[in-house]
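Letter by letter, the chains look like this.
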Amino acid sequence: VRSKPDGNKTVADLLSEIRTVSIEAIDNQNYPFNKLVRQLDIDSTGRNPLCDVMLAYQSYQMTDITFADEKAEVLPTTLPVSKCDMTFSVFPRKYDVVLAVEYCTDLYKEETVNKFIKAYTSILTQALNEEKLIRNISVLTNEESETILKEFNNTEYTYDIPENTTLYSLFEKA
């Protein structure tokens, strides 16, 4: 499902559009995948022919599992193959949500994916305000914004140049 997030739309407007497009996509879910790939004449050697990134929202609620007095927890797993370059799986639970990420290790390092998850979480937190305009949602966390604006952008430098020196004379000396 493809959406067009325009900066002037609110989060609610974008979600409404995504809902409409998703419902229309469900009407075509039984179309044979291989036939679609052939008709579109897509080169599918080594990668998913239709998408690089996938989001899978599991509609069933993930429940806590307990054995006697011991509670089971979700642990990270390593899979030998990734279906897409990156797949996000969302599992709702009673009081929170579990986000699982599967990614192609030939393309991404774990550190990069962790940064991506941090940014994604920040975006989702901001999107909880449905009246917020898309253009006002920042990909950067507050910490990253501070680093870029205050540290990387700190261009103050004191030059040891005598007064009344012209730019031209500085170039002559160089």
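Residues numbered from 1 in each chain as written. Predicted model: local features only at pLDDT ≥ 70, side-chain atom pairs only at ≥ 80, totals over all residues. Heavy atoms only, no water.

Right, let's talk about the overall build of the protein for a bit. Helices and strands together make up the secondary structure of the protein, namely five helices and five strands. Its helices and strands in sequence order give the protein the pattern α-α-β-β-β-β-β-α-α-α, from N to C terminus. With respect to the three principal axes, the spread of C-alpha positions in the protein is 80 × 55 × 40 Å. Here the protein holds 174 residues, and the buried ones make up 16% of them. When contacts within the protein are restricted to residue pairs at least 6 apart in sequence, those whose partners lie at least 24 apart make up 46%. Just so you have it, the protein exposes about 14900 Å², and 53% of that area is on carbon and sulfur atoms. Computed over 18 positive and 28 negative side-chain charges, the inter-centroid distance for the protein is 6 Å. (Helix = DSSP H or I, 4+ residues; strand = E, 2+ residues; numbered from the N terminus. Buried < 20%, exposed > 50% of the residue type's maximum accessible area, 1.4 Å probe, protein only. Contact = heavy atoms within 4.5 Å. Areas by Shrake-Rupley, 256 points an atom, 1.4 Å probe, with all protein chains shown as cover. Lys, Arg positive; Asp, Glu negative; His and termini not counted. Charge placed at Lys NZ, Arg CZ, Asp CG, Glu CD.)

The tally for this structure, following the rule as stated, stands at four salt bridges. The closest approach of N and O atoms between R93 and D96, which form a salt bridge, is 2.7 Å. Judged by its relative accessible area of 25%, R93 falls in the partly exposed class. You can call D96 partly exposed: its relative accessible area is 35%. (Salt bridge = Lys/Arg side-chain N within 4 Å of Asp/Glu carboxyl O.)

Next up on the list: the pairing of strand β5 (residues 97-103). Looking along a regular strand, one sees side chains alternate from face to face of the sheet. Strand direction decides the pairing type here: strand β4 (residues 86-92) and β5, joined by seven bridges, are antiparallel. Counterpart to F88 in the pairing with β5 is V101. Once β4 ends, the chain turns through four residues before running back antiparallel as β5. (Pairing = 2+ DSSP bridges.)

Right, let's talk about the pairing of β4 for a bit. Among the seven residues of β4, seven are classified as buried, and the element is accordingly described as predominantly covered. Every second residue of β4 is oriented toward a common face, with M86, F88, V90 and P92 on one face and T87, S89 and F91 on the other, all of them buried.

On to a nonpolar patch on the surface. Together, L140, I148, L149 and F152 give the surface a local cluster of nonpolar side chains, amounting to about 410 Å² of exposed area. Tracing the backbone through its elements, the reader meets L140 in the loop between α3 (110-127) and α4 (142-152). In this structure L140 comes out as partly exposed when scored by relative accessible area, which is 34%. (Patch = residues over 30% accessible without salt bridge, like charges linked within 9 Å, V, L, I, M, F, W, Y side chains within 5 Å.)

Relative to the helices and strands, T141 resides in the loop between α3 and α4. For T141, a relative accessible area of 10% translates into the label buried. When near neighbours in sequence (up to four residues on either side) are disregarded, T141 contacts K118 and S122.

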